[in-house]
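Structural features, examined
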Amino acid sequence: IIAEGQTSSTIGTFVSLSGLPWALQFVWGPMIDRFQSSPMGRRRPWILLAQTCAFLASLGLLFVGDPPTQYLKTLVVAFFVHSIFASIQDASVDAQAITIISVRERGRINGIMRGGFLIGAAAGAAGLSWILRNKGYLTAAIINSSVLFFFTLLTIFIKEKSDDHLFPCSMKMKHRRKYQPVYDYSILKLFKELFKGLLSKQSLQLFIPIVIVYLSQAIFIRAYNIHLINVLGWTDTSVSILSGAYGTLIVVGVVLTSGWLADRIGARRLLLIVIIMHACYMLISNLIEPLWN
């Protein structure tokens, strides 16, 4: 979008609408917690449903004309719908990890999960950007949906626990275990408990700094990409390949190391160290702007 000469306000609107469902994960959480009794596992039905819907939503990209920048409204709708189900799947996977992983291993597991997330995003950025420029938009959209379809099929055969059923009707009724809801609360009560926890002093002390860090990072990286392409003359493919290859390898290494450190020194202490380091690198990066060339 940047390389095609769209305005920064158009780019901002596109990014904001595509990312909006991810900001609503506090809505998905109580729903996932309330409805989690199934012979397929507590969280697995949510993961499968959300991932299948995300794949189906990705097919909407096939109906966007080429070049896609001339059909931005359709493109935004396709990304927005896909983001809804992708964010639900993300919340479901996080809930599953918290449910089945012991406290002493959560740092490492979270590091591995985040590393996988980054590798997938990088492969999409570097690989699909090259395909988009050299093979056309439709080819890139088909490959994107095909990869999603493959991993959706793979996820179907991954159980949450060894004695869970692969499918809802995989065993005769008389041999099925009886599943009782884990939370026998109403959705309203779960939301009340959620906001009570969010507004506590301890939660706000964590929430506010993290929001500031993510906001600063998001503003900087969007503006920086526009600057690289429009001012410094980089191609969109070069930006995508650099951030999706060398950049991601470094970040994945840091993420995996951080997961191990979180289990060793504690997540809260590491969080404070990372926020300080993040502030320093943001400040230094912007102070040396004359050297960006």
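What comes next concerns the included structure. Just so it is clear, the structure is predicted and the values come from calculations on it, not from any experiment.

What counts, and where the lines are drawn
- Each chain has its residues counted from 1, following the order in which its sequence is written.
- Whole-chain, interface and lining totals are the exception, using all residues; otherwise, since this is a predicted model, local features are given only for residues with pLDDT of at least 70 and side-chain atom pairs are given and counted only at 80 or more.
- Excluding hydrogens and water, the side-chain figures rest on all heavy atoms present in the structure.
- Axis lines are fitted to C-alpha atoms, over the contacting stretch for helices. Their N-to-C directions set the angle, which ranges from 0 to 180 degrees.
- By definition, any uninterrupted DSSP run of H or I lasting at least four residues is a helix, any uninterrupted run of E lasting at least two residues is a strand, and each is numbered from the N terminus.
- These descriptions rest on fixed angle ranges, namely under 35 degrees for roughly parallel, over 145 for roughly antiparallel, 65 to 115 for roughly perpendicular, and the rest for oblique.
- Crossing handedness is defined as follows: a turn of the near helix away from the far one that is anticlockwise and smaller than a right angle gives a left-handed crossing, while the clockwise case is right-handed.
- The criterion used for residue contact is that any of the two residues' heavy atoms lie within 4.5 Å.
- Buried Ala, Val, Leu, Ile, Met, Phe, Trp, Tyr and Cys residues form a nonpolar core when they are joined through side-chain atoms within 4.5 Å.
- Exposure categories follow from relative accessible area, calculated using a 1.4 Å probe and restricted to protein chains: below 20% of the type maximum is buried, above 50% is exposed, and the middle band is partly exposed.
- Only Asp, Glu, Lys and Arg are considered charged, only Ala, Val, Leu, Ile, Met, Phe, Trp, Tyr, Cys and Pro nonpolar, and every remaining residue, Gly among them, polar.
- Put simply, two rings from Phe, Tyr or Trp (the six-membered ring, in Trp's case) pair if the centres are within 6.5 Å, and we call them stacked under 30 degrees between planes, edge-to-face over 60, tilted for the rest.

One can describe the packing of helix 8 (residues 201-230) onto helix 11 (residues 267-287) by two numbers: an axis separation of 11 Å at closest approach and a directional angle of 30°. In terms of orientation, helix 8 lies roughly parallel with respect to helix 11. Here helix 8 and helix 11 pass one another in a crossing that is left-handed. For the pair helix 8 and helix 11, contact is made by Gln202, Leu206, Pro209, Ile210, Val213, Ser216, Gln217 and Phe220 and by Arg268, Leu271, Ile275, His278, Met282, Ser285 and Asn286, respectively.

Residues Phe14, Leu61, Val64, Leu72, Leu75, Val76, Ala78, Tyr137 and Ala141 constitute the largest nonpolar core, which totals nine residues. Looking at this core, the elements that each hand over two or more residues are helix 4 (72-100) and helix 6 (137-156). In terms of residue count, helix 4 provides more of this core than any other element does, four residues in total. Setting aside its immediate chain neighbours within four residues, Tyr137 contacts Leu61, Val64, Gly65, Asp66, Pro68, Leu75 and Leu132. Ranked by size, the runner-up nonpolar core spans seven residues in total, among them Trp28, Ala50, Ile88 and Ala95.

Secondary-structure assignment places Gln96 in helix 4. Apart from residues lying up to four places away in sequence, Gln96 is in contact with Arg43, Arg44, Ile47 and Glu160.

On to the environment of Ala141, then. As for its placement among the helices and strands, Ala141 is situated in helix 6. Sequence separation of Ala141 and Ser58 is 83 residues, and the distance between their C-alpha atoms is 8.1 Å. Setting aside chain neighbours within four positions, we find Ala141 in contact with Leu61 and Leu62.

Time to look at the side chain of Arg43. For Arg43, the location among the structural elements is in the loop between helix 2 (25-34) and helix 3 (44-58). Exposure remark for Arg43: the relative accessible area of 5% places this residue in the buried category.

With that settled, the discussion passes to the packing of helix 10 (residues 246-265) against helix 11. For the pair helix 10 and helix 11, the least separation of the axes is 7 Å and the interaxial angle reads 130°. Here helix 10 lies oblique to helix 11, going by the angle between them. Between helix 10 and helix 11, the contacting residues are Ser258, Leu261, Ala262 and Ile265 on the first element and Ala267, Arg269, Leu270 and Ile273 on the second. Looking at side-chain class alone, the contact of helix 10 with helix 11 contains six nonpolar, one polar and one charged residues.

Right, let's get into the packing of aromatic side chains. According to the stated counting rule, one finds five aromatic pairs in the structure shown. For the pair Phe220 and Tyr224, a centre-to-centre distance of 5.3 Å together with 15° between the ring planes defines the contact as stacked. Here Phe220 pairs with Tyr224, and both are found in helix 8, just four residues apart, close to one helical turn. With a centroid separation of 4.9 Å and 80° between ring planes, the pair formed by Tyr224 and Trp292 is classed as edge-to-face. On the criterion of sequence distance, the pair formed by Tyr224 in helix 8 and Trp292 in the segment after helix 11 is long-range, its members being 68 residues apart. Through pairs of rings, three or more aromatic residues link up here, namely Phe220, Tyr224 and Trp292.

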